[in-house]
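Examination of the molecular architecture
Chain residues, written in single-letter form:
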Amino acid sequence: RRARRALRRARLLHLPPDHFTAPAMINLLPLKLRLWLEQRYVERLTPTGHGERKLGQFSGATVVDHQLWDQVLKAHLTENVTIGDVAGISTVDYAAVASDGRFDQYLAQLAAVDLDKIPPAEELALYINAYNALTVGLIVAHERRGGPALASINEMSTPAAKVWDVPAGQVGGEQLSLGEIEHHKLRARWNEPALHACIVCASASCPNLRREAFCAARLREQMDEQVATWFANPTKGLAWDAGQLTLSRILLWFSKDFGGRQAAADFALRALGTSHAAELRMRSSFATRYFEYSWRINRTPN
């Protein structure tokens, strides 16, 4: 009853997911209950479950050329940056992207793609690249309009709409928000938990933005590398210390995409592939916690 009352209260107040990490909520609720409520609330905001497609079912023929996005990433991404408590971040020089004509050309290319000619594996690569490019595009557009430098992408939310729900750009002539790409074009179609390591919401605690475009021919390799890099980071992916496992909060929010919380932890441990992982697998029980999520923008420092 206590859990249901707290969840109803959260719905009525329209609290964002990160409200559940606030000290007030920590003081009010036991940790297990707070994590359960946080998971349930995010599931309510993003009700779409995972689809049935697996990448291994499809060939990796390349139809769309993502070379322009690849060039932008290589030119304007900096690796191994620390922001607050999070280290090893790949950051973006948004001012440089804003003045790079290749970025606008790539957005125009995304808008003009003929989706009817794209096979499934290529479609997956397309929408991963589109999510990342359109996220960067929202920030670039804000700053081109003369808006103040953003400390967090969440500052683009308004009382009328969250940043995830506003139109972000076109893919194949269809106007989409970031939420529609993530939950309807990706999660709803694919049973690929590694997706969560590949799409980047411009924040420090996100998995790192990859310094190359995703392409159908190498997609399995690229996605697996993203997963390994994510969980090798002990400040936002996975940490093991004195009998306690700490995981990215994404594995709490979207645990159903992995098959549940325990399956999400197992997924992370398989990706880690170290002696710590072997030790954890042999334990019958261990404490699991989740990193506090830093929404600070992944901007390259001046």
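An account of the accompanying structure is given in this report. (Residues numbered from 1 in each chain as written. Predicted model: local features only at pLDDT ≥ 70, side-chain atom pairs only at ≥ 80, totals over all residues. Heavy atoms only, no water.)

**A few points about the environment of Gly137**
Along the chain, the position of Gly137 falls in helix 7 (residues 120–144). On a C-alpha basis, the gap between Gly137 and Ala98 in space is 8.5 Å, while along the polypeptide they are 39 residues apart. (Helix = DSSP H or I, 4+ residues; strand = E, 2+ residues; numbered from the N terminus.)

**Quick word on the side chain of Asn132**
Positionally, Asn132 belongs in helix 7. Relative accessible area serves as the criterion here: at 2%, Asn132 is assigned to the buried category. Beyond its immediate sequence surroundings of up to four residues, Asn132 is in contact with Trp69, Cys198, Ile199, Val200, Leu209 and Phe214. (Buried < 20%, exposed > 50% of the residue type's maximum accessible area, 1.4 Å probe, protein only. Contact = heavy atoms within 4.5 Å.)

**Structural notes on the pairing of strand 5 (residues 238–241)**
The two faces of the sheet receive side chains in turn, since in a regular strand these alternate between them. Looking at chain direction, strand 5 and strand 6 (residues 244–247) are connected through four bridges and run antiparallel. Residue pairing across strands places Ala239 opposite Thr246, the latter belonging to strand 6. Connecting strand 5 to the next strand, strand 6, in antiparallel fashion are two residues, including Ala242 with a positive phi near 50°. (Pairing = 2+ DSSP bridges.)

**Some details on helix 12 (residues 261–272)**
Over its twelve residues, helix 12 extends 17 Å from the first C-alpha to the last, a length consistent with the 16 Å expected when each residue adds 1.5 Å. Taken as a whole, helix 12 has its buried residues at Ala264, Ala265, Phe267, Ala268, Leu269 and Leu272. (Expected span 1.5 Å × (residues − 1).)

**A short note on the state of the cysteines**
Scanning the model with the defined rule gives one disulfide in all. In this model Cys201 forms its disulfide with Cys206; the gap between the sulfur atoms is 2.4 Å. Note on the Cys201 and Cys206 pair: the S-S dihedral is about -60°, so by sign convention the disulfide is left-handed. In terms of burial, Cys201 and Cys206 fall into one category: buried. (Disulfide = S-S within 2.5 Å.)

**A look at the packing of aromatic side chains**
One pass over the full model with this rule turns up nine aromatic pairs. On the numbers, 5.0 Å between centres and 45° between planes, the contact of Trp253 with Tyr293 is tilted. Of the two residues, Trp253 sits in helix 10 (residues 250–253) while Tyr293 sits in the segment after strand 7 (287–290), which places them 40 residues apart along the sequence. Summarising the burial analysis for this pair, Trp253 and Tyr293 share the class buried. On the basis of an interplanar angle of 50° and a centroid distance of 4.8 Å, the ring pair of Tyr293 and Trp295 is categorised as tilted. Given a relative accessible area of 17%, Trp295 falls into the buried group. One aromatic cluster is present, built from ring pairs that chain together Trp164, Trp253, Tyr293 and Trp295. (Phe/Tyr/Trp six-rings, centres within 6.5 Å; stacked < 30°, edge-to-face > 60°.)

**A few points about the packing of helix 4 (residues 67–76) against helix 6 (residues 101–112)**
Remark: helix 4 packs on helix 6, axes separated minimally by 8 Å, with the N-to-C direction vectors making an angle of 145°. The way helix 4 lies across helix 6 gives a crossing that is left-handed. Residues Leu68, Trp69, Gln71, Val72, Ala75 and His76 of helix 4 form the contact with helix 6, whose participating residues are Arg102, Phe103, Gln105, Tyr106 and Gln109. Partitioning the contact of helix 4 with helix 6 into residue classes produces six nonpolar, four polar and one charged. (Axes fitted to C-alpha atoms, helices over the stretch in contact; angles between N-to-C directions. Left-handed = near helix turned anticlockwise from the far one by under 90°. Nonpolar A, V, L, I, M, F, W, Y, C, P; charged D, E, K, R; others polar.)

Nothing here speaks to function; it is geometry throughout.
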